[in-house]
Amino acid sequence: MLITAVVGVALVGATLPVVVRQFYPPAPAPAGQGEPGVVVVLGAGRHRQGDGYRLTATGLRRLHRGVEEARRRNLPLLLSGGAEDRVPRDPDDSEAGMMAVEARRLWSGARIEIEPASRSTWENAVNSAAQLRRRGIDSVLLVTDRVHQPRALLSFRRQGLTARPAAVDTLPEAAWVPSAGALAEVPVIWREWAALIWYRLRYF
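This text gives an overview of the structure that appears in the document.

### Describing the layout of surface pockets
- Roughly 580 Å³ of volume is contained in the largest pocket.
- Along the wall of the largest pocket there are 29 residues; nearest its centre are Gly-43, Ala-44, Gly-45, Arg-62 and His-148.
- At the level of elements, helix H3 (57-73), helix H5 (121-134) and helix H7 (180-202) are the ones that each hand at least two residues to the lining of the largest pocket.
- Of all the elements, H7 adds the most residues to the lining of the largest pocket, at 5 residues.

Rendered as C-alpha cells:
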C-alpha cells in the first residue's frame, strides 16, 4: 500500500511543470561581456514526410524564437543543423537549409547564414565557431530548449565563443496544473543528463 502511494505521488509530481522544472540540468554561470554579434539557432532534427522531410515541432519553436530575437536586436541569424547521420552533398538538403526557408517566410528581411554539416550538439559548436571566426564574431546569442541549454552553452564556450542563452521553455505555463506535456519532458531530461555525462567525459 505504501509503495503504491509513493508511486502515485511520483507519477502525479511528474505531471506538474513546477516539479519537472527542478530536474533540469543547471544552467552554466553567465560568462563574458559585450553584445552578441549573431543569433545562433540549433536544429532539433527532421521528420520524414512523404518523399521529403519536415522540421520537428521542437525545431520550429527554436527557429521562431531565434527569428524573434534577431528581428528585435537587428542581428543576423546562423542556423545550424545537418542531415541526420550524414553530411548532405547539397546544403539546401540539410536541416539548416530547411530552417532558412522557414526563417525567410517569417521575416523577409532576415540576414541568414547556414551551417549544414553538423550531426550533434558538439558539431553544432565546432562548425559554427569556424564559420563565425572567419567573420570576426566571437559572441553569440544561442537559441535552444531550456533542457538542452547547459550542454549547448558549454559546447560553444569550449570553442572560445562568448555564448549567452535564449532558452525556449517547453513546459506549460500553468506550474501547478497536471500536464501530459510536463510528463513527456521527463524522459527528455534524463536523456539530457546522460548526454551531459558523456560530453563531460569526451569533450569538457
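### Considerations on the sheet that holds strand E1 (residues 38-42)
- Across the sheet, which stays open at both edges, the 5 strands sit in the order E5-E4-E1-E6-E7 with parallel pairing between neighbours. In the strand order of this sheet, the two ends are held by strand E5 (112-115) and strand E7 (162-168), each with one partner. Within this sheet the neighbouring strands show an average axis-to-axis angle of 25 degrees, counted without direction.
- Both strand E6 (residues 139-145) and E7 contribute to a ladder of 7 bridges, which runs parallel. Bridge pairing links Ser-139 to Thr-162 in E7.
- Running over the sheet, H5 touches E1, strand E4 (77-80), E5 and E6 and is turned about 135 degrees from E5.

### A look at the nonpolar core
- Of all hydrophobic cores here, the largest spans 21 residues; its most connected members are Val-39, Val-41, Leu-77, Leu-79, Ala-103 and Ile-112.
- With 5 residues, the top contributor of residues to this core is helix H4 (residues 95-106).
- Contact partners of Ile-112, with chain neighbours within four places excluded, come to Leu-77, Leu-79, Ala-100, Ala-103 and Arg-104.
- By size, the runner-up hydrophobic cluster in this structure holds 15 residues, among which are Val-40, Leu-78, Val-140 and Phe-156.

### Looking at H7
- For H7, spanning 23 residues, the distance from its first C-alpha to its last is 34 Å, which sits close to the expected 33 Å at 1.5 Å a residue.
- Ala-182, Glu-185, Ile-189, Glu-192, Ala-195, Leu-196 and Tyr-199 are the residues of H7 that are buried.
- On its buried face, H7 sits against helix H2 (17-20), H5 and helix H6 (149-158).
- For H7, the N-terminal cap is Ser-179; the gap from its side-chain oxygen to the backbone nitrogen of Gly-181 is 3.0 Å.

### Points about the packing of aromatic side chains
- Tallying each qualifying case throughout the model produces 5 aromatic pairs.
- Summarising the aromatic geometry, the rings of Trp-122 and Tyr-203 are spaced 4.1 Å apart at their centres and angled 10 degrees between planes, so their arrangement reads as stacked. On the criterion of sequence distance, the pair formed by Trp-122 in helix H5 and Tyr-203 in the segment after H7 is long-range, its members being 81 residues apart.
- Residue Trp-122 is classed as buried on the basis of its relative accessible area, which comes to 15%.
- Both rings, one in Tyr-199 and one in Phe-204, keep their centres 6.0 Å apart while their planes meet at 65 degrees; by these two values the pair is edge-to-face.
- For Tyr-199, a relative accessible area of 5% corresponds to the buried category.
- Feature note: the residues Trp-122, Tyr-199, Tyr-203 and Phe-204 constitute an aromatic cluster, connected by ring pairs.
- Cation over ring: Arg-46 sits above Tyr-53, and NZ or CZ is 3.8 Å from the ring centre.
- The ring of Tyr-199 carries Arg-151 above its face, with NZ or CZ at 4.8 Å from the centroid.

### Considerations on unusual backbone geometry
- Despite not being glycine, Asn-74 shows a phi value in the positive range, around 55 degrees.
- Among the secondary structure elements, Asn-74 is positioned in the loop between H3 and E4.

Conventions used here
- Residues numbered from 1 in each chain as written.
- Predicted model: local features only at pLDDT ≥ 70, side-chain atom pairs only at ≥ 80, totals over all residues.
- Heavy atoms only, no water.
- 1 Å grid on protein atoms, 1.4 Å probe; cavity = no way out; pocket = protein on both sides within 12 Å on 5 of 7 lines; lining within 4 Å.
- Points joined across faces, edges and corners; volume = space filled by probe spheres on them.
- Helix = DSSP H or I, 4+ residues; strand = E, 2+ residues; numbered from the N terminus.
- Pairing = 2+ DSSP bridges.
- Axes fitted to C-alpha atoms, helices over the stretch in contact; angles between N-to-C directions.
- Contact = heavy atoms within 4.5 Å.
- Core = buried A, V, L, I, M, F, W, Y, C linked by side-chain atoms within 4.5 Å.
- Buried < 20%, exposed > 50% of the residue type's maximum accessible area, 1.4 Å probe, protein only.
- Expected span 1.5 Å × (residues − 1).
- Polar contact = N/O pair within 3.5 Å; in protein donor to acceptor, adjacent residues only side chain to side chain.
- Phe/Tyr/Trp six-rings, centres within 6.5 Å; stacked < 30°, edge-to-face > 60°.
- Lys NZ or Arg CZ within 6 Å of the ring centre and 35° of its normal.

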